[in-house]
Amino acid sequence: MEVIGILDFGSQYTQVIARRVRECGVYTEIFHHKVKARVLRERGVRGIILSGGPASVYARNAPKMDPAVLGIGVPVLGICYGLQLIGGLMGGEVARSDHREYGKGSIRFRGRRSDLLSGVTAGSQIWNSHGDRLERLPKGFRVAAISENSPYAAVEDADRRIYGLQFHPEVSHTAEGKKILANFAHKICGCRSEWTMRSFIQHTCEAIRAQVGPGRVILGLSGGVDSSVAAALLHEAIGDQLRCIFVDNGLLRKNEARLVEEQFGKHMRIHLKCVDASRGFLRLLRGVTDPERKRKIIGNEFIRVFERARRSVGKAKFLAQGTLYPDVIESVSIGGNPAALIKSHHNVGGLPDDMEFELVEPLRQLFKDEVRRVGEELGLPREIVWRQPFPGPGLAVRCLGEITPEKLEILRNADWVVIDEMKRSGWYHKVWQSFAVLLPVRSVGVMGDERSYDYTIAVRVVESQDGMTADWVKLPYELLGQISSRIINEVKGVNRVTFDITSKPPGTIEWE
Ligand code: XMP
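Residues numbered from 1 in each chain as written. Predicted model: local features only at pLDDT ≥ 70, side-chain atom pairs only at ≥ 80, totals over all residues. Heavy atoms only, no water.

### Considerations on the site of the ligand
- The immediate surroundings of the ligand are formed by 13 residues, with Arg 295, Gln 433, Lys 504, Ile 509 and Glu 510 found nearest.
- Interatomic distance of 2.7 Å between a backbone N/O atom of Ile 509 and an oxygen atom of the ligand.
- At 2.5 Å, a side-chain N or O of Glu 510 approaches an oxygen atom of the ligand.
- Alone, the ligand offers 500 Å² of accessible surface; in the complex the protein occludes 87% of this.
- For the shell around the ligand, the class distribution of residues is four nonpolar, six polar and three charged.
- The two domains that each donate at least three residues to the shell around the ligand are domain 2 (197-385) and domain 3 (404-499). (Near = heavy atom within 4 Å. Polar contact = N/O pair within 3.5 Å; in protein donor to acceptor, adjacent residues only side chain to side chain. Areas by Shrake-Rupley, 256 points an atom, 1.4 Å probe, with all protein chains shown as cover. Nonpolar A, V, L, I, M, F, W, Y, C, P; charged D, E, K, R; others polar. Domains from an automatic or database assignment.)

### What to know about unusual backbone geometry
- Residue Lys 504 is joined to Pro 505 through a cis peptide bond whose omega torsion reads -15°.
- Its location among the elements puts Pro 505 in the segment after strand S21 (494-499).
- Omega for the bond connecting Pro 505 with Pro 506 falls within 30 degrees of zero, at 10°, which places this linkage in the cis form.
- Topologically, Pro 506 is positioned in the segment after S21. (Helix = DSSP H or I, 4+ residues; strand = E, 2+ residues; numbered from the N terminus.)

### Some thoughts on the environment of Val 497
- Among the secondary structure elements, Val 497 is positioned in strand S21.
- On the basis of relative accessibility, which here comes to 23%, the residue Val 497 falls in the partly exposed class.
- Sequence spacing of Val 497 and Glu 409 is 88 residues, and the spatial spacing of their C-alpha atoms is 16 Å.
- For Val 497, the contacting residues outside a window of four places in its chain are Ile 457, Val 459, Ser 484, Ile 487 and Ile 488. (Buried < 20%, exposed > 50% of the residue type's maximum accessible area, 1.4 Å probe, protein only. Contact = heavy atoms within 4.5 Å.)

### Description of the packing of aromatic side chains
- Evaluated as defined, the whole model comprises six aromatic pairs.
- Measuring from centroid to centroid gives 5.5 Å for Phe 9 and Tyr 81, while their planes differ by 45°, and the two rings are tilted. Of this pair, Phe 9 sits in the loop between strand S1 (3-8) and helix H1 (14-23) while Tyr 81 sits in helix H3 (residues 81-89), and the two are 72 residues apart along the sequence. Tyr 81 carries the same exposure label as Phe 9, and that label is buried.
- Taking the centre distance of 6.1 Å and the plane angle of 80° together, the rings of Trp 472 and Phe 499 count as edge-to-face. Within this pair, whereas Trp 472 is found in strand S20 (residues 471-472), its partner Phe 499 is found in strand S21, the two being separated by 27 residues in sequence.
- Assessed through its relative accessible area of 22%, Trp 472 is described here as partly exposed. (Phe/Tyr/Trp six-rings, centres within 6.5 Å; stacked < 30°, edge-to-face > 60°.)

### Describing the sheet that holds strand S11 (residues 150-157)
- Overall, mixed pairing links the eight strands, which are arranged S2-S1-S3-S4-S12-S11-S10-S7 in an open sheet. Looking along the sheet, the strands with just one partner apiece sit at the ends: strand S2 (27-32) and strand S7 (108-109).
- Judged from the four bridges that link them, strand S4 (residues 76-79) and strand S12 (residues 162-165) form a sheet pairing that is parallel. Across the sheet, Leu 77 pairs through a bridge with Tyr 163, a residue of S12.
- Across the sheet, H1 touches S1, S2, strand S3 (47-50) and S4, and the angle it forms with S2 is around 160°. (Pairing = 2+ DSSP bridges. Axes fitted to C-alpha atoms, helices over the stretch in contact; angles between N-to-C directions.)

The values are spatial; any link to function lies outside them.
Right, here's the structure in full:
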């Protein structure tokens, strides 16, 4: 598979560059900015993109690169900080700036049309975000385009196949940015459009078969997108050699266990062991109110139950996990870039390190949007492929204070109403998460002619890119009203509904 390498200088957009190029049908891999030229050569990259970055090239700890990377003989595209680096390394001049410039501009071409800008419309919108700027071009370079805020919007040394952009082609504000990245991948690097989800499924199935041979593979299926797609993919590759284990910890959403059993057990005929461990979990959680203790208890019990179930399904040499590409990238943290600090929450409760398994991670190469496309390609229903994230400890972190079966039942029913109304109104797929939280307080109300003294539900709806930061969603009042009256009317035990208008930070998405 042809690959374009992306050197990460700490831009919040590095992963976006990788995804955009993949959308053009060319596979990409992200490398630490210090990667040696030799490594890239051995990996056989067909082209290299230098990402932007928050640092000034003059800063004391400014990320540097191996200069030999520019000489390995494949095309190089520097974006923003990447362009500054090329300028500095090849004898140009970079002017220091102590403030960043943000904003829109439009592109105007100069001289012969560069291959990089082929098919781009004159005047089309571009998006800038830069500190330093190139002041004098290195020898051999020419200007291919200018913009309102830069005489060096696009530059090139077409003979040496080195290109630079002062603006960001990867962001959606750059109207024809994807065309520019496609030009780089196809016209300049000569890559074909080989990266499709069909081709991914095909070569991953072959790779899985080669790795496991006739061996048996165990997968913890949570019903979330990643483990569901991993299950479908492994099943496609090795059929009955796959053994899935689904643990019902009693903290799942309404009908969740049934959905998983029907889809994977009955419909897809996957070997699925469903363990109803809810009583054990709830017994251990009795009287526990501290959020961290709840999480610990659930994590430990999950491992115990999973281990027991694993032994009962027979000997297996392999353990599959739904690890995704963002967990694999060796990200850089420069200048406090939040995108680089992302840590994923432990998967399905966290499995012990000393298990004697060889890992199978069929989704390691994929971004989340690609995982979803693979799921669709494998025929998984929309309800599973497009579902919102759900935390490993489940409703335990949304049932504040002590967890009891009665409170869980109230929460489950209220949550069901929230999901149902979000889906009916078309909002479910527009937001990151939408759910109910049960507060451990009762308040007074009137129902009919009677005084009530019941629980309060908080509705939490947030939008987010990655769960690290989030904004509360301004849902229409009518929808909020509908959610509220349905919860009050349909869920016994609730007489008050509030809407959480806290963003993250300062609030977390979950309440515990
Ligand atoms: P917070 O509450 O930390 O949540 O703002 C950020 C995102 O992570 C999810 N989350 C978890 N996921 N195990 C998980 O698998 C966990 O323990 C866990 N805690 C929070 C949360 O739903 C949100 O999407």
